[in-house]
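Close look at the chain arrangement
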Amino acid sequence: MGNLQERRNIEEKEGGQPSRNNGETGPEPKQHRIDIVEINPRVKNWNRLVQKAKERIQSQSQWPRIPKVPQMLRGTQDFKKFYEPRVISLGPYHHGNPHLRPGEMIKPLCAQKFLADSNQDIDALYTKIESNIEAVKKCYDWSSTSEYDDEALAWMMLLDGCFLLQFICGTGMKNFLRYHQIGFVGLDLFLLENQLPFGVLKLIFEGTSLPVEETIKEFITNTIRPEGSTSEIQLKEENKEPSHLLDLLRSALLGRYKKISKQELGSQPEQEQEAEKKGESSSSSRGRDGGFCCPWKKGKQQGNWPSFRHIKELKAAGIHLQPSATSSLTDISFNSYFFYGYLKLPPIIVDDSTKPKFLNMVAYEMCPDAPDDYAVTSYVCFLYELIDHADDVKELRSKHILYNCLGSDEDVAKIFNEIGNDLVDPDAYKEVKTSIQKHYDKRVNTWIAEGLHEHFRSPWTIIAFIAAVLVLLFTGVSTYYALPGESSYRISDLLRSSR
């Protein structure tokens, strides 16, 4: 600190002592040395920066923030395709983009329909939103809201919110949008930079008699339910409101459902006492240093990374797949028996919306204001390790774990390889991977599994084997009883010789 601070020395004389100037004699006056520290301007600037950063972190908005996609992802290929809206903009981040202007013409008509169905007055709703406009501003990046005055921003929230609720309710949308546009709007709703604060939606629907809360829950549930699946959708209600629609979708995929009803401001969610599943993220796993997903796919195998590669190799080691009891992404477990094991994975739909939804949820988990469990990122990394070729996807389909609504199995494998590429694995499923590795390392399991697979791959080979065993058994028995006298003579001969 010597080069950052300057010191000045000041000497003081203690009063009440004789002075030499008046001729009086006495003890020398006591002198005190005071060091005055002057802080260098650089240090002052540093302190201001730290204080400003603390204030920014500690300043909590009435509603959670809606972040932008992290900078590290903005330079990726096809960024606009997977992170920017195509038909409808919600919120200020993409408002006014030229290719989205046709969608702006639809919003007033949808808002009018929603207000008529819900029997609400537009002036009253506008007043409610405008009275909370400061909270709305704090939800978004300052650079995106500074160009709008309070009136324009409140009107934007009103139109966007009414359009979103009208789309979720699903009544009469074909009167405003073409069929293909409805499909693209379904993708736009779950983009990270295209979200509305859930508090704004509550201000709009809390005064209506329509069952909006149940409709939103049904809309999210239908989004994650595999078509024709018998798996139960179990959503454990959490004592915390969602931040936005993407956050609500993420919670539902994890088997949780955040309350939509009004709650006291500042209440925190109840902490789970223990992880219910082996693969569920816990506090002990969140703090670990992550590693890139499957480094062997990049030719970087090192350290203690698992030696198995994909589902095909697991099957060769006697590890079979089964669908989990629920569709929660955290419902992953592995049970090992003598020479075979069962890996349970939750059923999942793979269609055109899978890649943008997962990419945006992963981007959301990278943001400072997002939940810190990295559950979706961990799931993506786990599938990235299991899926390498079309044969792996085919095995998942045959076990009713993956519902391919996309096209070829090669396309599905490519999707998960692209989503998981360059992701840092939070290592939430370390226990499951360790159990799989222990089973895989037992070579006798692989030998037995390969033998069963090679020689008993069809029911006819099993029937033929059983028939051959029975023939040998009956032949031996018949041979034994064919020479009873000879057999008795030999036995008695042996008895005599033993004496």
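Structural data are supplied above this passage.
Residues numbered from 1 in each chain as written. Predicted model: local features only at pLDDT ≥ 70, side-chain atom pairs only at ≥ 80, totals over all residues. Heavy atoms only, no water.

Scanning the model with the defined rule gives 19 salt bridges in all. Between E134 and K137 there is a salt bridge whose closest N-O contact spans 3.7 Å. Of this pair, E134 and K137 both sit in helix α6 (residues 133-139), three residues apart, roughly one helical turn. Between D373 and R256 there is a salt bridge whose closest N-O contact spans 3.4 Å. Note that D373 is positioned in the loop between α15 (354-365) and α16 (375-386) and R256 in strand β4 (residues 256-258), a separation of 117 residues in sequence. Judged by relative accessible area, which is 10%, D373 ranks as buried. (Salt bridge = Lys/Arg side-chain N within 4 Å of Asp/Glu carboxyl O. Helix = DSSP H or I, 4+ residues; strand = E, 2+ residues; numbered from the N terminus. Buried < 20%, exposed > 50% of the residue type's maximum accessible area, 1.4 Å probe, protein only.)

So, on to the nonpolar core. With 106 residues, the main nonpolar core has M157, F163, L189, L343, L345, F358 and F382 as its most contacted residues. The dominant element in this core, judged by the number of residues it contributes, is helix α8 (residues 150-169), at 12 residues. In contact with F382, other than residues within four places in its own chain, are I332, L343, L345, Y429, V432, K433 and I436. (Core = buried A, V, L, I, M, F, W, Y, C linked by side-chain atoms within 4.5 Å. Contact = heavy atoms within 4.5 Å.)

So, about helix α18 (residues 409-419). Buried within α18 are the following residues: D409, V412, A413, I415, F416, N417 and I419. Residues of α18 that are buried in the fold lie against β9 (348-350), α15, α16, α17 (390-398) and β10 (402-404).

Next up on the list: a nonpolar patch on the surface. On the surface, a nonpolar cluster with roughly 400 Å² of combined accessible area is contributed by I466, L470, L473 and F474. By the secondary structure assignment, L470 is in helix α21 (residues 459-482). By relative accessible area, which is 38% here, L470 ends up partly exposed. (Patch = residues over 30% accessible without salt bridge, like charges linked within 9 Å, V, L, I, M, F, W, Y side chains within 5 Å. Areas by Shrake-Rupley, 256 points an atom, 1.4 Å probe, with all protein chains shown as cover.)

As a further point, take the sheet that holds strand β8 (residues 341-345). Strand order in this open sheet of three strands is β6-β8-β7, and the pairing throughout is mixed. Two strands bound the open sheet, and with one partner strand each, they are β6 (319-323) and β7 (333-336). On average, each strand axis in the sheet is tilted by 20° relative to the strand beside it, whichever way the strands run. In this sheet, β8 lies alongside β6 in parallel orientation, the contact comprising five bridges. Note that in β8 the partner of L321 across the bridge is L343. (Pairing = 2+ DSSP bridges. Axes fitted to C-alpha atoms, helices over the stretch in contact; angles between N-to-C directions.)

What follows deals with the packing of aromatic side chains. Applying the stated criterion across every chain, the model contains seven aromatic pairs. Centroid distance F382 to Y429: 5.5 Å. Interplanar angle 55°. Geometry classified as tilted. Of the two residues, F382 sits in helix α16 while Y429 sits in the loop between β11 (424-425) and α19 (430-441), which places them 47 residues apart along the sequence. The pair F382 / Y429 is uniform in exposure class, with both members buried. (Phe/Tyr/Trp six-rings, centres within 6.5 Å; stacked < 30°, edge-to-face > 60°.)

Sheet topology places β7 next to β8; four bridges connect them, and they run antiparallel. Across the sheet, F334 pairs through a bridge with L343, a residue of β8. Hairpin connection from β7 to β8: four residues lie between these consecutive antiparallel strands.

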